[in-house]
Every structure is written in C-alpha cells, then in structure tokens.
Protein chains: 2
Amino acid sequence: MMDTEIDRELLEKIADLLGKPVGAFNIRKDCGCDGRESTEHIKIDNRADGKSGIDIRILDGTVGETCHIPVIITKPGIEETVYNDFYIGENCDVTIVAGCGIHNCGDQESRHDGIHTFHVGRNSHVHYSEKHYAEGDGTGAKVFNPQTIVYLDEGASIQMDTVQIRGVDSTKRYTKIVCGKDAEAVITERLLTHGTQSAHSDMEIVLDGEGSKGRVISRSVAQDQSSQVFYPRMVGNAACFGHVQCDSIIMGEAKIKSIPAITANCTEAQLVHEAAIGKIAGDQLLKLETLGLTPEEAEERILEGFLA
Amino acid sequence: MMDTEIDRELLEKIADLLGKPVGAFNIRKDCGCDGRESTEHIKIDNRADGKSGIDIRILDGTVGETCHIPVIITKPGIEETVYNDFYIGENCDVTIVAGCGIHNCGDQESRHDGIHTFHVGRNSHVHYSEKHYAEGDGTGAKVFNPQTIVYLDEGASIQMDTVQIRGVDSTKRYTKIVCGKDAEAVITERLLTHGTQSAHSDMEIVLDGEGSKGRVISRSVAQDQSSQVFYPRMVGNAACFGHVQCDSIIMGEAKIKSIPAITANCTEAQLVHEAAIGKIAGDQLLKLETLGLTPEEAEERILEGFLA
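Small disclaimer: the values here were computed from a predicted structure and weren't measured.

### Details of the overall build of chain A
For chain A, the count of helices and strands is 3 helices and 22 strands. Scaling as 2.2 N^0.38, a compact globule of 308 residues should have a C-alpha radius of gyration of about 19 Å, and chain A matches this with 20 Å. The dimensions of chain A, computed from C-alpha atoms along their principal axes, are 55 × 55 × 35 Å. When the 308 residues of chain A are sorted by exposure, 56% land in the buried category.

Spelled out as structure tokens, the structure:
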C-alpha cells in the first residue's frame, strides 16, 4: 500500500490521505486491490455478481464512521469500469470518501468509469465526497466518466461534494438522486477545465416524496480552449422544494453551456433555478492588485475562492 | 370592416382597436383582406412572391407612427399560414401591433400560423406587440403557431411583447432574434393556459454583435390540467449581456417545464438566467382575503397582477 511517491501524492490529492486511513477502506490500484479493511459496522466485499467493484454494507445505527475507497491508476493504457454498490442501513451518519487519481506518462489513454449506486436507509445521512485528478506529461488522455445513482428512503439525506481538480482531459458525469418522503439531496459541484479539455455534467434530482428537498450548487471555471456543458435537471412530483444554482467563470477562448431544466408535475412543487456565466469582475482583480498581488496572483486567488 | 359584433370584440381584445386604426393598417379576416391603408412612410403590399401575407416597408426616419396588422378568424375550419415581412429603415421609431383572434363555434379546428420576419435597420427602434385570443363553444380546437424572426442591425432594438390571453387550445411559439453590434432585444412573454390546453415556447436570442444586449422576461400561469414547456436560449458570441427570467404559477393539476439554456462562446459574454415555478403564496391570498375578497377574487387579483 502506498508503495511509491506517485501513489502517496495521488492519494493525498484525491482523498486527503496521509498514510493508512482510519476506519473501513478499500484502495484500488491499477485494477487490483491494494489494501482493504472492514470494521464492525462497515463491511467491504468483492461483488457477488463477479463484476469489477465492491459491495459496501453499513449496519443500522452506524454513526460518525468514515469509509475511504480511493482509486489510483499509475500505469498508462488502463481503461476500467468499476461498479460499487452501497447499502446503508437506517439511522446512520457516515462519511464516504471516494475519488480517483490518474498518473499517465504514456501515450495510451487511461480511463476510470466509477458506477456508484447508493441505497440510503430511513433517516440516514451520508456525506459523500469525490475528487478527480490527473497528471502526467504523456500524450495519453486522462478520462473519467462517473455515474452516481442515489436512492434516499424516507427522511434520508445525502451531501454530495464533487471536485474535479486539474488534469482531466475528458469527463462525462451522470448523477441521479431520487428523494423519498422528507428526503434531502444537496450537491456541490466544483469543476475546472483547461487546455483543450471537455467536461459534461448531467444531473437529475427527482423529488418524489412529500417534503423532499433538492439543492444543487455548481461552480465551474473554464480556461484556455476548454469547453463545459451542464444539464442539471430538477423534477418535482410532490410537495417539495428544489433549487439549482450554476455559476461559471469563463476565461481565454473557453466555451460554456448551461441548460438546466426545472419540471413541476405537482402544484405544491416549488422549484427555482439560477445560472450565470461571466468573466472575473475587473474591480475584484483591481482590488487585489492594489494590495500588491500581480495580475496572475490576483486571478489565481479569485479562482481559489470561487472553487473553494 | 368590423361588420359584426364578433369582429369588433375580437379586434378590441387583440389590438385594443375601437373603430378604424390611426395610421397604416391591414386587417385580415377569414383569409381575406378586410381593410388596408398605407401612409406616406409605411407601405403595405401583398407579397411579391405570391405567398399568403404582406410586405410592410417602413421608410428611413419614420418616427412615432403605428402600424396595425390584426387577424381575425370567425369561421370554423380555417387553417392558414401567413407570411408577413417587415423591412424597417434606419433611424425609425415605430410601433407594430399584431395579434390574432379566433372565434370558433364549430367542431373543426381553426388555426393561424403567422410567420413574421423583421429586418430592422441601423439605430431603429421597434415596439412589437402581439396578442392571441380565442373563444367559442364549439369542440373545434383553436390553434396558434407563431414564428417571429428578427434581425437587428447595428444599434437597432426591439421590444417584443407577446400575450396569450384565454381560449387557445394549443400553441407552439418560435422566436429568434439575432442582435448586431450594440443592438438590444427585450422580450416580455405572458401566457395563460387552462383546461387541457398546451403551450410550448421556444426562444433563441443570439447576441452576435459587440455590445449587444438581450433580456427575456417570461411569466406564465398554468391552470387545471394544462401543460407548458419553455425553451428560452441565450447565446453570447461577443462582448454582450444577456438575462433570462422565467416565472410560472402552477395551479390545479397543471404541469410546467422550464428548460433555459445560456451559452457563452466568448469570454466577454455575460449571461444570467433565473427561473422559478411555484403556486401562489398563501400569505398573499390571506392578505387579500383579509381585505374582504373571496378566495376566488383574491386568486384572480394576484394572477392579474402577475400577468400585467
């Protein structure tokens, strides 16, 4: 585990790991298992159906525990689709830290497609965080196509934080959350593209249950010639509240498209959407430059704050 | 002209006409011309290409004049597509009042599809208003599928106000405005559907020119089992500012979908979108009821204000 400097750097970038994680974990490296531990309340097993990936079972009433399931790819030419299923009992409060780091110095494509399905039991709260990062000076593309499907039982909630740091050449994200009665989904998305990268984020929040709530806060920065497309969709089928907010900073010769959809199929559904695309405000830059920063430093500082 | 009580009522509803209009006008009734007048600056002619419809030519420097071109359909079973082209010179400031009223007491469909194309010259301002209204207790559907295409030259502007009052069974609206340098497009859309009506509004504002501006303010009410779909799109291809705002009130068992898109193809494009769908706020109703209104009156008063 964490054999090389590259492993250690990738794991720190994507999962804030310095050394062995506390609690249950599964570290996937180059298509193999590089370490696994279950705990009394969190059981990690290979999938029963033989597909690549793991089953994570969290017992009823598990509170305050964290489960790390990072993935690193250090060799070029690895293209994998991994299926991870989460079965979270009732009355839990747990943190799941996923994420994938690719180091590709070759000229073949490296690709990780993580298909995650969550079944969240009654009154359970899940904090799910996922970071994607890639590096390496080869010409091989670094690609992520994650799919996250979440079913929230009555009173359950998820806070899903996704971050795409630098280096990802192409990503197609798909996220779907179905909310039962009084369930709540909160998604924060942070995405930065540069060079000729492209990112596509497709999101669907289905507010099926009475009293359910959905909130999406998406912030992105597109630099250079990169391009981004966002399709956040919020559907209200019951007395519910949904709010989608997308803010993007456009730079260089980048292109950004934001195509949200709100659909009310019930009179008691209240849905709100806001989106804005623009460049960094000139007066913000000026203010920081007045404080002694170079234009480049000022820009960097503003982007850091925006994506924090 | 205005032969019958029905004619007079329809013309008042859709064009606020009480008697003969002042200025240039063309009144279309049941596929024929029911009155036309050109003025010194505004020339109305049958189309040169033989298609159904008229050419309206407005001379350079025409200021403060109004042109009325209402359409009424009083017989069932009329289904027409009409092409009206507007050639507006430079430095004009004119008002164009369009609109169509259908009275259908039969069991055959009545349909009017008005295809309007505007060429607006440099520094000209056009105020374009269009009302759609239908009535009649027959089972025949009353249908409008208007298309409005506008090209704004440098410094030109259009204020386009569209209103769909009651009675329209089905509508598919398509609006496209292409803005040149320093051109400005402002669209206000007011739409009410009831019964089992359906409305579909597709809008595209292309901000091609430096300094161009686009603003869409859409307000709608969906009652009973009616359904509405909105596709407002704003594309920024230059240093420009665009703002789309969609507010909808949902009632009964109605369904509303709002799918706006903002696309920035230039760093200097600043685009903002807001959308909200919800029912009438309970405290607003209560306040009016406290003032002595019945619940029905209170609701009506709020809807009137919202769609004003």
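### Describing the packing of helix 2 (residues 282–290) of chain B against helix 3 (residues 295–307) of chain B
Residues and elements named next belong to chain B. Packing of helix 2 against helix 3 brings their axes to within 9 Å, and their N-to-C directions diverge by 120 degrees. Here helix 3 runs oblique to helix 2, going by the angle between their axes. Considering only the axes of helix 2 and helix 3, their crossing is right-handed. The residues of helix 3 that touch helix 2, namely those facing Q284, L285, L288 and E289, are P295, A298, E299, R301 and I302. For the contact of helix 2 with helix 3, the residue count by class is 5 nonpolar, 1 polar and 3 charged.

### Quick notes on the packing of aromatic side chains
In the structure shown here, the tally under the stated rule is 5 aromatic pairs over all chains. Their ring planes at 5 degrees and their centres at 4.1 Å tell us that A:F86 and A:F118 sit as a pair that is stacked. Of this pair, A:F86 sits in strand 7 (residues 79–88) while A:F118 is found in strand 9 (residues 110–120), placing the two residues 32 residues apart along the sequence. Of the two residues examined, A:F86 and A:F118, each falls in the buried class. Three or more aromatic residues joined by ring pairs form one cluster here, namely A:F86, A:F118 and A:Y128. The ring of A:Y83 is capped by A:K51, whose NZ or CZ atom sits 4.2 Å from the centre of that ring. For B:R57, the ring lying beneath its charged end belongs to B:Y87, and the centroid distance is 4.5 Å.

### Remarks on the pattern of salt bridges
Side chains that carry opposite charge are capable of pairing whenever their charged atoms lie near each other. All names here are of chain A. Throughout the structure, instances matching the rule amount to 39 salt bridges over all chains. Among the salt bridges present, the one from D85 reaches R47, with a minimum N-O distance of 3.4 Å. Taken together, the positions of D85 in strand 7 and R47 in the loop between strand 3 (42–46) and strand 4 (54–58) put the pair 38 residues apart, joining distant regions of the chain. Judged by its relative accessible area of 12%, R47 falls in the buried class.

### Digging into the pairing of strand 2 (residues 32–37) of chain A
All names here are of chain A. Strand direction decides the pairing type here: strand 1 (residues 24–29) and strand 2, joined by 4 bridges, are antiparallel. In the strand pairing of strand 2, R28 is matched with C33. Taking the residues that link successive antiparallel strands as the turn, the strand 1-strand 2 hairpin has 2 residues, and the phi of D30 there is positive, at about 45 degrees.

### Describing the relation of the copies chain A and chain B
The pair of chain copies shares a relation made of a rotation about an axis and a shift along it. Its rotation angle being 180 degrees, the transformation that places chain A on chain B also includes 0.0 Å of axial translation and leaves an RMSD of 0.0 Å. Expressed as an axis order, the relation between the two copies is that of a two-fold axis. Of every C-alpha in chain A, the one belonging to A:E274 sits nearest the axis of rotation, 2.1 Å from it. The fraction of interface residues of chain A whose copies in chain B are also interface residues reaches 100%, indicating that both copies meet through the same surface.

### What about helix 3 of chain B?
Residues and elements named next belong to chain B. Taking 1.5 Å per residue, 13 residues should reach 18 Å; helix 3 reaches 18 Å between its end C-alpha atoms and fits that length. Every buried residue belonging to helix 3 is among A298, I302, L303 and F306, and all of these are buried. In an axial view of helix 3, the angular spread of the buried residues amounts to 130 degrees, which keeps them on one side of the axis. For helix 3, the exposed residues set more than 90 degrees away from the buried face come down to E296 and E300. Elements that come into contact with the buried residues of helix 3 comprise strand 15 (184–193), strand 17 (212–222), strand 19 (240–250) and helix 2.

### Looking at helix 1 (residues 5–15) of chain A
All names here are of chain A. Three or more residues of helix 1 are buried, namely D7, L10, L11, I14 and A15. Taken end-on, helix 1 shows its buried residues confined to a sector of 100 degrees, consistent with a single buried face. Where the residues of helix 1 are buried, they touch strand 1, strand 5 (63–68), strand 6 (71–73), strand 8 (93–103) and strand 10 (125–135). Backbone geometry just downstream of helix 1 places D16 in the positive-phi region, at approximately 50 degrees.

### Thoughts on the interface of chain A and chain B
Listed by partner, the interface residues are 30 residues for chain A and 30 residues for chain B. Summed over both sides, the interface of chain A with chain B buries roughly 2200 Å², with 51% coming from carbon and sulfur. Remark: the boundary between chain A and chain B carries 2 salt bridges. The closest approach of N and O atoms between B:K279 and A:E268, which form a salt bridge, is 2.8 Å. Scanning the region where chain A abuts chain B turns up 13 residue pairs in polar contact (both at pLDDT 80 or more). Of all elements in the fold, only strand 20 (255–258), strand 21 (261–264) and strand 22 (269–278) of chain A reach the threshold of two or more residues within the side of chain A that touches chain B. Sort the elements by how many residues they give to the side of chain A that touches chain B and strand 22 of chain A lands first, with 10 residues. Summarising the sheet, strand 22 of chain A and strand 22 (residues 269–278) of chain B pair through 7 bridges and their orientation is antiparallel.

### Brief notes about a negative patch on the surface
Residues and elements named next belong to chain A. A cluster of like negative charges, contributed by E289, E296, E297, E299, E300 and E304, occupies part of the molecular surface. At 5 residues, helix 3 (residues 295–307) tops the list of elements feeding residues into the negative patch. Mapped onto the elements of the fold, E299 is located in helix 3.

### Considerations on the side chain of A:E80
Residue and element names in this part refer to chain A. With respect to the secondary-structure elements, E80 resides in strand 7. Given a relative accessible area of 5%, E80 falls into the buried group. Within the structure, the side chain of E80 is placed 2.8 Å from the side chain of H112, a separation counted as a polar contact. With near-sequence residues (within four places) excluded, E80 lies in contact with R28, C31, V71, I73, R111, H112 and D113.

### Looking at the environment of B:L10
Residue and element names in this part refer to chain B. Note that L10 resides in helix 1 (residues 5–15). A relative accessible area of 0% means that L10 is categorised as buried. Beyond its immediate sequence surroundings of up to four residues, L10 is in contact with I72, I73, T74, G101, I102, H103, Y133 and E135.

Parameters and conventions
- Residues numbered from 1 in each chain as written.
- Chains lettered and ligands numbered in written order.
- Predicted model: local features only at pLDDT ≥ 70, side-chain atom pairs only at ≥ 80, totals over all residues.
- Heavy atoms only, no water.
- Helix = DSSP H or I, 4+ residues; strand = E, 2+ residues; numbered from the N terminus.
- Rg over C-alpha atoms; globule rule 2.2 N^0.38 Å.
- Buried < 20%, exposed > 50% of the residue type's maximum accessible area, 1.4 Å probe, protein only.
- Axes fitted to C-alpha atoms, helices over the stretch in contact; angles between N-to-C directions.
- Parallel < 35°, antiparallel > 145°, perpendicular 65-115°, else oblique.
- Left-handed = near helix turned anticlockwise from the far one by under 90°.
- Contact = heavy atoms within 4.5 Å.
- Nonpolar A, V, L, I, M, F, W, Y, C, P; charged D, E, K, R; others polar.
- Phe/Tyr/Trp six-rings, centres within 6.5 Å; stacked < 30°, edge-to-face > 60°.
- Lys NZ or Arg CZ within 6 Å of the ring centre and 35° of its normal.
- Salt bridge = Lys/Arg side-chain N within 4 Å of Asp/Glu carboxyl O.
- Pairing = 2+ DSSP bridges.
- Least-squares fit on C-alpha atoms with pLDDT ≥ 70 in both.
- Expected span 1.5 Å × (residues − 1).
- Arc of directions from axis to C-beta.
- Buried area = accessible area lost by both parts, 1.4 Å probe.
- Polar contact = N/O pair within 3.5 Å; in protein donor to acceptor, adjacent residues only side chain to side chain.
- Patch = residues over 30% accessible without salt bridge, like charges linked within 9 Å, V, L, I, M, F, W, Y side chains within 5 Å.
- Areas by Shrake-Rupley, 256 points an atom, 1.4 Å probe, with all protein chains shown as cover.
- Lys, Arg positive; Asp, Glu negative; His and termini not counted.
- Charge placed at Lys NZ, Arg CZ, Asp CG, Glu CD.

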